[in-house]
Amino acid sequence: MSILAASSTTATFVAPHVEFGKLSPMLIAFGTATLGILVEAFAPRKQRYGIQVGLALVGIAASFAAVLALAGTTASVVAQGSVAVDGTTLFLQGTILVISFVAFLVIAERKTDQNQDAFAAQGASVPGSAAERETTRRGWQTTEVYPLLMFSVGGMLLFPAANDLLTMFVALEALSLPLYLVCGLARHRRLLSQEAALKYFLLGAFSSAFFLYGAAMLYGYAGSVNLAVIAQHVAHPTAGSTLLYTGVALLGMGLLFKVGAAPFHMWTPDVYQGAPTPVTGFMAAATKIAAFGALVRVLDVGLGVNSAENVWRPVMQAVAIITMIVGGVLALTQRDIKRMLAYSAILNAGYLLIGVTSTTAQARAAVLFYLPVYGVAIIGAFAVVTLVRDAGGEATDLSRWAGLGRRAPIPAALLAVFLLAFAGIPFTSIFIGKFAIFQAALAAGSPDLVIVAVLASALAAFFYLRVVVVMFFSDPLPQGPTIAHPSIAVKTALAVAAFATVALGVAPSLLLHLANNSAGILAK
Amino acid sequence: MDTYVPVLILGLIAGGFAVFSVIMGAMTGPKRYNRAKYDSYECGIEPTPQPVGGGRFPVKYYLTAMLFIVFDIEIVFLYPWAVAFDSLGWFGLAEMFLFILTVFVAYAYVWRRGGLEWD
Amino acid sequence: MHAVYPLVLGALLFAIGLYGVLARRNAIAVLMAIELLLNAVTLNLVSFSAILRDRYGMGQIFTLFIITIAAAETGLGLAIVLLVYRQRATADLGEQRALAEPVEPVTADELSPRNVEAEVAR
């Protein structure tokens, strides 16, 4: 076959049809981010912080309103097959927006740290240099953080909606690139922060290369990057499946990296520990939701055919088991609270992967329920971490947390609520989530996964409860960390997170119902 | 292979012209050598002496180069639009306008923040 | 020319890039290796586009997107590497050990109330 002849084929082009209304949540998010850059360019330095925070919160709220307006419309694939707007998409987008709103309240906090936010006065200046002291004295701030994170939110909204691999790649980069940067901007412990940014960037770029190679293979297999077309080719194969299998494996590596599943989890603890804590909370919650949404869409829409499922399911099950073991065992050995929560995030990715591998509608609904309840709890947990401070930033070493429950009962109690939820204590939202996933996995016929998951949960309960014990049953340290008094915004965020964690554990039926209704609708 | 014959012929003509020009220049032109002619060429200005240790670029150069590359490459999206300009019509024009607008937003940021100032 | 040659070349380029990412210790060299990975992918996409006689040239459009995003990614990556270099005077990845697994993992009774105080006193 000669490849030279191909260049002679020409195509008449038809102007594509773009349904802007259905894309409005993402357009609003990206538009807000672009406006934010204009604010950075033209607004006076003193006023930027206020304008940026207000703009971002209004943008997220407007985008959420757009999602609500679209809820209930018929599921459809818009923009020439690039974006699927269906129940699952809208549910995840709504979740991401709610979580982003809560996360932004924590990110914008200035009261906990001498009227400064968590970000360096100027990202480019060397820590400890005269330039940095000067910028800090003048009260400069890296307000670019807000437009950057809005770009990230836009990417997260597009990621689970993407119905072809090109859109998915663009969304992946739109959500990742700003995060790489923001990770390196912590005000305190800049060294750790910059190292985290470097590691996150290099590994992230590496994994997106795998994603792309997989996409190229699938394109070669199906002649299209559209998930629906790929599904048709999988159902009625016209060629050998070598390209398909290589493509799925490589694409899967890229997606599992974002999800934070073992053995692609190596970046998670380092990045979670080094990044500014409010950003860590945002990443742990929102990125995970977006990435799981994309993973579910690729597996269900693109590879949901039986012959393909039989190929990827055993591998994904193995990944789920490894992820749970790695997350559970390594979390035990941590002495840094942020690192421990990172391993807990890996462990939770393992539970979610169980739901992903059981392809029933019940399992999909369970995954959809688990994502928001987990996201809200992890944001709350990281928000509490921002309050416990030493001279050089947050006191993240667990030994410093001894007796915190006596000195600061409210933050400690809030953290205890989140940790007990992670541990799967009944009457918390995550208990219901775990229960739903395990039940769905049993119904789908994989008891082995459930056994591993229950054992991992027991292990996890130990290290979550250990923190609670350290906080409440040890004597306070003589020179213990100080507890910052947060602004009303962070108090609200914490209250919302704690309330949601308990309320959805006691009365989960509303969200379960919504998840059930949304999971079934997947535009193909 | 037939499609490549004209390309090959063009290549031969171009190569022949190049060889011819060099030889003719050497044969017919005047030969006056001086110090300036033996100097290494640097855009017609006095060559900067090479610093010890291979030399380092000022970081300003890096910033400008990076900005150039990013803005330069973004424009690549105009090419596919130019190819299908006719059939895309007003829709394509409006979309491209929006695209350029977003690039200009980034440009405005760089400009206002002094990214384009050398000193 | 057989259609499989560019694909094999792409796979070899990807393998070279992979080796570069895993074996090189200088962050800039790793960045270059990542570029090599992306170039391997674009080569694959363009040749698939030709082999499949794609009417819309999806592979080529995909390539344009990869080129632009890779440029943005490299700009960002160089900025981060520069930041790290200015701080530590090295871009050696082997030196970036501030964030890593603790050398001596914490044991269960180390965090028990008694030992915590000893820890702080130390």
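Throughout, residues of each chain are indexed from 1 in the direction in which the sequence is written. Each chain takes a letter, starting from A, and each ligand takes a number, starting from 1, following the order in which they are written. Residues qualify for local features only when their pLDDT is at least 70, as the model is predicted, and side-chain atom pairs are given and counted only at 80 or more; totals for whole chains, interfaces and linings, by contrast, use all residues.

K.L.:
Which residues make up the overall build of chain C, and what values go with them?
P.N.:
For helices the rule is a DSSP run of H or I covering at least 4 residues; for strands it is a run of E covering at least 2, with both sets numbered from the N terminus onward. Looking only at helices and strands, one finds four helices and zero strands in chain C. Along chain C, helices (α) and strands (β) appear in the sequence α-α-α-α when read from the amino end. We call two residues in contact whenever the C-beta atoms placed from their backbones are within 7 Å. Partitioning the intrachain contacts of chain C with sequence separation of at least 6 by distance along the chain shows that 49% fall at a separation of at least 24.

K.L.:
Quick rundown of the overall build of chain A? Include the residues and the values.
P.N.:
Per the secondary structure count, chain A includes 20 helices and five strands. Projected onto its principal axes, the C-alpha coordinates of chain A cover approximately 75 × 55 × 40 Å. A residue is called partly exposed when the number of other C-beta atoms within 10 Å of its own lies between 12 and 20, exposed at 12 or fewer, and buried at 20 or more, with C-beta atoms placed from the backbone. Scored against the burial criterion, the 524 residues of chain A give a buried share of 62%. Contacts spanning at least 24 positions in sequence make up 80% of the contacts within chain A whose residues lie at least 6 apart.

K.L.:
So what's going on with the packing of helix α1 (residues 24-42) of chain A against helix α5 (residues 85-112) of chain B? Residues and values would help.
P.N.:
The angle between two axes is taken between their N-to-C directions and runs from 0 to 180 degrees, where each axis is a line fitted to C-alpha atoms and a helix contributes only its stretch in contact. Between α1 of chain A and α5 of chain B, whose axes approach to 8 Å, the crossing angle comes to 25°. In this view, α1 of chain A runs roughly parallel relative to α5 of chain B, as classed from their interaxial angle. In this structure, the crossing between α1 of chain A and α5 of chain B has a hand that is left-handed. Here α1 of chain A contributes T34, I37, L38, E40, A41 and F42 of chain A to the contact with α5 of chain B, which in turn contributes T102, V105, A106, A108, Y109 and R112 of chain B. Should an angle lie under 35 degrees it is considered roughly parallel, over 145 roughly antiparallel, and from 65 to 115 roughly perpendicular; all remaining angles are considered oblique. What makes a crossing left-handed is the near helix being turned counterclockwise from the far one by less than a right angle; a clockwise turn instead makes it right-handed.

K.L.:
An account of the interface of chain C and chain A is requested, with residue identities and associated values reported.
P.N.:
Each side of the interface is counted separately: chain C has 50 residues, and chain A has 54 residues. Elements with a contribution of two residues or more to the side of chain C that touches chain A: α1 (4-23), α2 (27-51), α3 (58-88) and α4 (113-121) of chain C. The element contributing the most residues to the side of chain C that touches chain A is α3 of chain C, with 16 residues. Class assignment for the residues of the side of chain C that touches chain A results in 37 nonpolar, six polar and seven charged. Each residue gets one of three labels, nonpolar for Ala, Val, Leu, Ile, Met, Phe, Trp, Tyr, Cys and Pro, charged for Asp, Glu, Lys and Arg, and polar for the others, Gly among them.

K.L.:
Residue-level account of the interface of chain B and chain C, with values.
P.N.:
Where the parts come together, the accessible area they lose is often given as the size of the interface. Across the boundary between the two partners, chain B contributes eight residues, which contact eight residues of chain C. Take the side of chain B that touches chain C: its biggest share by element is five residues, from helix α3 (residues 59-74) of chain B. Class assignment for the residues of the side of chain B that touches chain C results in seven nonpolar, no polar and one charged.

K.L.:
Would you mind going over the UniProt feature "domain: NADH:quinone oxidoreductase/Mrp antiporter transmembrane" (unreviewed entry) in chain A in detail, with residue names and values included?
P.N.:
UniProt records the feature "domain: NADH:quinone oxidoreductase/Mrp antiporter transmembrane" (unreviewed entry) for residues 162-459 of chain A in the present numbering. The span residues 162-459 of chain A is 78% helical and 2% strand by assignment, and the distance between its end C-alpha atoms comes to 37 Å. UniProt positions are given in the numbering used here, feature names are shortened, and annotations may be inferred rather than shown by experiment.

K.L.:
Go over the nonpolar core, please, and point to the residues and values.
P.N.:
Residue and element names in this part refer to chain A. Each nonpolar core consists of buried Ala, Val, Leu, Ile, Met, Phe, Trp, Tyr and Cys residues. Their C-beta atoms, within 7 Å, join them into a set. Judged by nonpolar contacts, the single largest core of 237 residues is most densely connected at F159, V367, A377 and I379. Here this core takes 20 residues from helix α7 (residues 190-222), the largest share from any one element. In this structure F159 touches M168, A171, L172, L175, A290, A291, G293 and A294, once residues within four positions along its chain are discounted.

K.L.:
Could you give an account of the confidence of the model for chain C, naming the residues involved and the relevant values?
P.N.:
Residues and elements named next belong to chain C. Per-residue confidence for chain C averages 82 on the pLDDT scale, and 82% of its residues sit at or above 70. Each residue gets a pLDDT score, which is the predictor's confidence in that residue and runs from 0 to 100. Averaged over each element, pLDDT in chain C is lowest for α4 (47) and highest for α2 (93). pLDDT under 50 marks residues 116-122. Its contacts with residues more than four places away, or in other chains, come to nine contacts. For this predicted complex, the interface score ipTM comes out at 0.89, alongside a pTM of 0.88.

K.L.:
Quick rundown of the sheet that holds strand β3 (residues 388-390) of chain A? Include the residues and the values.
P.N.:
Residue and element names in this part refer to chain A. By the convention used here, strands pair only if DSSP detects at least 2 bridges between them. The three strands are arranged β4-β3-β5 in an open sheet whose pairing can be described as antiparallel. The sheet is open, and its two borders are formed by β4 (393-394) and β5 (482-483), each paired with just one other strand. Here β3 runs beside β4; their pairing, made up of two bridges, is antiparallel. Its bridge partner lying in β4, D390 is registered against G393.

K.L.:
Can you break down the environment of G77 of chain C residue by residue, with the values?
P.N.:
As for its position among the elements, G77 of chain C is in helix α3. Residues G77 of chain C and V21 of chain C, 56 residues apart in the sequence, show an inter-C-alpha distance of 14 Å. For G77 of chain C, the contacting residues outside a window of four places in its chain are F201 and A205 of chain A together with L31 of chain C.

K.L.:
Got a sec to walk through unusual backbone geometry? Specific residues and values, please.
P.N.:
Residues and elements named next belong to chain A. With an omega of 0°, the peptide bond running from A262 to P263 counts as cis. Following the sequence through the fold, P263 ends up in the loop between α9 (242-259) and α10 (267-274). A positive phi angle, close to 55°, is found at A79, a residue other than glycine. Relative to the elements of secondary structure, A79 occurs in the loop between β1 (76-78) and β2 (83-85).

K.L.:
Please set out the environment of L93 of chain C residue by residue, giving values where relevant.
P.N.:
All names here are of chain C. Position of L93 among the secondary structure elements: in the loop between α3 and α4. Note on L93: 19 C-beta atoms within 10 Å, which makes it partly exposed. Taking the C-alpha atoms as reference points, L93 and A71, separated by 22 residues in sequence, lie 22 Å from one another. Beyond its immediate sequence surroundings of up to four residues, L93 is in contact with R25, A27 and V30.

K.L.:
Got a sec to walk through the UniProt feature "transmembrane region" (unreviewed entry) in chain C? Specific residues and values, please.
P.N.:
Within the UniProt annotation, "transmembrane region" (unreviewed entry) is assigned to residues 33-52 and 64-85 of chain C. Between the end C-alpha atoms of residues 64-85 of chain C there is a gap of 31 Å, over a span that is 100% helix and 0% strand.

K.L.:
Run through the environment of A443 of chain A, naming residues and quoting values.
P.N.:
Residues and elements named next belong to chain A. When you line up the elements, A443 lands in helix α17 (residues 429-443). By the C-beta count within 10 Å, which is 12 here, A443 ends up exposed. Along the chain, A443 and T32 lie 411 residues apart, while their C-alpha atoms are 44 Å from each other. Apart from residues no more than four positions distant in its own chain, A443 is found in contact with T360 and Q362.

K.L.:
Could you give me a rundown of the packing of helix α3 (residues 87-107) of chain A against helix α5 (residues 145-158) of chain A, with the residues and numbers involved?
P.N.:
All names here are of chain A. For the pair α3 and α5, the least separation of the axes is 9 Å and the interaxial angle reads 160°. When the axis of α3 is compared with that of α5, the two are roughly antiparallel. Relative to α5, the crossing made by α3 is right-handed. For the pair α3 and α5, contact is made by Q93, I96 and S100 and by V153, M156 and L157, respectively. Split by residue class, the contact of α3 with α5 holds four nonpolar, two polar and no charged.

K.L.:
Could you give an account of α7 of chain A, naming the residues involved and the relevant values?
P.N.:
All names here are of chain A. Expected span of a helix, by definition, is 1.5 Å for each gap between consecutive residues, and there is one gap fewer than residues. For α7, spanning 33 residues, the distance from its first C-alpha to its last is 47 Å, which sits close to the expected 48 Å at 1.5 Å a residue. Counting buried positions along α7 yields 30 of 33 residues, so the element is predominantly enclosed. Positive phi appears at G223, one or two residues downstream of α7, with a value of about 75°.

K.L.:
Describe in detail the confidence of the model for chain A, supporting the description with residues and values.
P.N.:
All names here are of chain A. For chain A, per-residue confidence averages 89 on the pLDDT scale, and residues scoring 70 or more make up 97% of the total. The secondary structure element of chain A with the lowest average pLDDT is helix α4 (residues 130-137), at 81, and the one with the highest is α5, at 96. Counting interchain partners and residues more than four positions distant, the pLDDT-below-50 stretch residues 1-9 has 14 contacts.

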